[in-house]
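So the chains spell out like this:
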Protein chains: 2
Amino acid sequence: MEKDIALKILSAVEANFDKQTDFLSELVSHPSTRGQEQSAQAYMADALSERGYSVDRWQINVDDIRQLPGFSPVIGSYDDAVNVVGTHKSATSKGRSLILNGHIDVVPAGPLDMWKTPPFSPKVEGDWLYGRGAGDMKAGLVANLFALDALRSAGFAPAADVFFQSVVEEECTGNGALACLQRGYKADAVLIPEPFDETLVKAQTGVIWFQVHLKGLPTHVAYAGDGANAIEAAVPLINALHALEKRWNAPEHRHHDFAHHDHALNLNVGKIVGGDWASSVPAWCVFDVRMGVFPGQDLEAARADIETTLLQAAEENSFLRENKPTVVYHGFMAEGYALSDDKSEPASSAIKALGAAHKAVTNKDLEQMAITCTTDTRFFGLYANTPALVYGPHAEAIHGFNERVSLESIKRVTMATALFIADWCGLEAQ
Amino acid sequence: MEKDIALKILSAVEANFDKQTDFLSELVSHPSTRGQEQSAQAYMADALSERGYSVDRWQINVDDIRQLPGFSPVIGSYDDAVNVVGTHKSATSKGRSLILNGHIDVVPAGPLDMWKTPPFSPKVEGDWLYGRGAGDMKAGLVANLFALDALRSAGFAPAADVFFQSVVEEECTGNGALACLQRGYKADAVLIPEPFDETLVKAQTGVIWFQVHLKGLPTHVAYAGDGANAIEAAVPLINALHALEKRWNAPEHRHHDFAHHDHALNLNVGKIVGGDWASSVPAWCVFDVRMGVFPGQDLEAARADIETTLLQAAEENSFLRENKPTVVYHGFMAEGYALSDDKSEPASSAIKALGAAHKAVTNKDLEQMAITCTTDTRFFGLYANTPALVYGPHAEAIHGFNERVSLESIKRVTMATALFIADWCGLEAQ
């Protein structure tokens, strides 16, 4: 790319950045937790439409994707699960096509009194924009949009088809991205600006979600005996799961990108509910677990190991022996994915192009990172043979209280993204 | 009492018993869990009114009772908490007055699929009547009413004032019974037919309810570290509370009526809620605890011991050290009570009268029992200097699934109650 074109593009990002920040603030104010994404998706669809992209907005049909590899089991309907894709159709199609993907769903805010300012009333303080989802990943989603805007402001359009995807369900299943695949969206590469500190994600763990259900016969507390309590019976099961976590993290089981990481696979008891009344011995308890898996780790074997582990632990507890725990899979059933294992030409040239764009903006080499969670890249990488790059801004406390994202970092990522699009797709006149 | 009068009364109970069973079934069908007692109370008030008792029906005002000994802290209002008292005013007042007390509130049913038949669709099978609250203690409440009916059917009325009390809040605070005291209801003795298998309760433990609140800083599970999980941080606290339970149950701390009971004081973690999302490290967790205390055990010292125990355990956990647990008292703050410690004349004559009534019906001596839970007797015994007797039918699975009460036992208790009233109050013409 000629230097003056690059400079024009970077200036355009700079010139639009206040508008971009306002747009992001507005988007963060939509509390798009699972099931509540509609207003945020409408906002995105309008923004795409205003810019002249053709907009595809559809409700996910579970039956369309249930049989596909990568599908995660869900309980309940997808009545409220709407994906939005805006398409830029190139006039010349001389370059390589691209999917710019991001997710609109955010995780719950948690107790509101733990937030300094309300989670869905975004606030800018110095370099930080605060709010639930500001970092994970509305900043990235908006960066995709404004990177395209910058090309346009500079007088260009991508010389290949670009599909701007705003998907639901990233935080619990990935079925939103899977539905995009099923709908036929394909491209030569994918970029997802998840907030990993301006590094390129070379590998990510997979994630399994499961619920453990305990149920037994309760009594009046006056007759409580040892081990009759469904809440306390969860404890030995959690301990057994931590032992499994330790086994899975052992050096000999590690994927090469995690060789020096002692604890890449995290087991998290993220939610628990049990019992009805302080003076009734609780007869039931349900806890939700998230467990990581390495790229290449077989999910079926992982599930079997989880179930065996729980049943073995149950044998050693008087309540559980009589009331076997049951496992319900509801949510993530996600394989790990390693871009580093993709030795194809498109993968290496996409990485190279992103590295060059990053260096042009930051004057630094693009670092690579193995992350201990999942992103939607796995669908493109594993099931559509498309190199999928995660590269996004610096954020803090994602999934926590007072989540925030760095505005300067967003600006750099938007710049690098715009340059990457220009390089990967090439440019044509508007 | 002359033998033919006693026989007349017993025959009247027998003759009315189908009606009594129907009345009980109807009452059980009202799902009078805390906050939902109104329709059941209306049913009781109508039944009392139909019989010609003067009915006092009032909403409890927390401010009226807050300063009284025995008050249990509550969160929220008592907008829905309505007591019902029906009064029989004696024409002669030659006998001793009596309070017949019972509670209308029932504990939650728990998961409905654990019930063979729906908890609020009572069902008779052989000798058993099934339903939530059938045993605890609608059977007793109805036995009180039909014992009075039997006297009437036999042509008599009690020769002293009798106050029929149907109270709320027994299962969580006792503030319903306390409100009856505050409203001025006094008598020479109290009978409460809680379902303790046709024995006389000589002593009961007290009960403290408390909630332990944990709150900290959560993160994305990708960055989960040891001890950052509020749900798992509950475990060492629960363990510490069980150590306290063991200390309190030590032989040297026992009330004499519990001298040979190794585990009279039960600690129950009855409810737990924590976390919002499987993939967010949970930042909060709340668990509800019920702990017993012996008669005579000082509640203030007990609370201090609980709090110290929790804070000491918190020091040994990395999450808790930075995020101290807080204790909220909400519900039972109930002292123990031992009728056996009441050496007064009224107490011994009431026990004697009940023993005689029991023997007349069952041909057996009245056994005495120390129970490991609380009842509303404590208010009358401790704060109104009135002997308070618990004597009720045989029931099973109270607070459990498929709770049931024995119809034959109800009949015997109704008979014994009627004879006890006749003896204690004396009889006058209707």
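Since this is a predicted model, take the numbers as computed values, not measurements.

Asks: It is not clear to me how the pairing of strand β11 (residues 267-274) of chain B should be interpreted in this structure. Could you clarify?
Replies: Successive residues of a regular strand alternate their side chains across the two faces of the sheet. Residue and element names in this part refer to chain B. In terms of burial, β11 is a largely internal element, 6 of the 8 residues being buried. Looking at chain direction, β11 and strand β12 (residues 284-293) are connected through 7 bridges and run antiparallel. The residue of β12 that forms the bridge with Leu267 is Met291.

Asks: What am I meant to see in the pairing of strand β7 (residues 162-167) of chain B here?
Replies: Residue and element names in this part refer to chain B. Of all 6 residues making up β7, 6 are buried, and the element is well covered by its neighbours. Burial of β7 is two-sided: the residues Val162, Phe164 and Ser166 facing one way and the residues Phe163, Gln165 and Val167 facing the other way are all buried. Bridging between strand β2 (residues 82-88) and β7 involves 5 bridges; their strand directions are antiparallel. Looking at β7, one finds that Thr87 is bridged to Phe163. Note: strand β3 (residues 98-103) against β7, 6 bridges, orientation parallel. Paired with Leu100 across the bridge in β7 is Phe164.

Asks: Explain the relation of the copies chain B and chain A to me, please; I cannot follow it from the model alone.
Replies: Between the two copies of this chain, the relationship is a rotation about some axis together with a displacement along it. When chain B is fitted onto chain A, the two copies agree to an RMSD of 0.0 Å after a turn of 180° and an axial shift of 0.0 Å. These values place the two chain copies in the arrangement generated by a two-fold rotation axis. Within chain B, Val273 of chain B has its C-alpha nearest the rotation axis, a separation of 2.3 Å. Of all interface residues in chain B, 100% are interface residues in chain A too; the two copies therefore contact each other through one and the same surface.

Asks: What exactly am I supposed to notice about the pattern of salt bridges here?
Replies: If the charged atoms of two oppositely charged side chains come close together, the side chains can form a pair. A full pass over the atoms with the stated rule returns 36 salt bridges over all chains. In this structure, Arg66 of chain A engages Asp63 of chain A in a salt bridge whose closest nitrogen and oxygen atoms are separated by 2.9 Å. Asp149 of chain B serves as the salt-bridge partner of Arg51 of chain B, at 2.8 Å between the closest nitrogen and oxygen. With Arg51 of chain B in the loop between α2 (38-50) and β1 (54-59) and Asp149 of chain B in helix α4 (residues 134-153), this pair connects stretches of sequence that are 98 residues apart. Asp149 of chain B carries the same exposure label as Arg51 of chain B, and that label is buried. By sharing partners, the salt bridges in this structure join Glu14, Glu408 and Lys411 of chain A into a single network.

The rules behind the values
Residues numbered from 1 in each chain as written. Chains lettered and ligands numbered in written order. Predicted model: local features only at pLDDT ≥ 70, side-chain atom pairs only at ≥ 80, totals over all residues. Heavy atoms only, no water. Buried < 20%, exposed > 50% of the residue type's maximum accessible area, 1.4 Å probe, protein only. Helix = DSSP H or I, 4+ residues; strand = E, 2+ residues; numbered from the N terminus. Pairing = 2+ DSSP bridges. Least-squares fit on C-alpha atoms with pLDDT ≥ 70 in both. Contact = heavy atoms within 4.5 Å. Salt bridge = Lys/Arg side-chain N within 4 Å of Asp/Glu carboxyl O.

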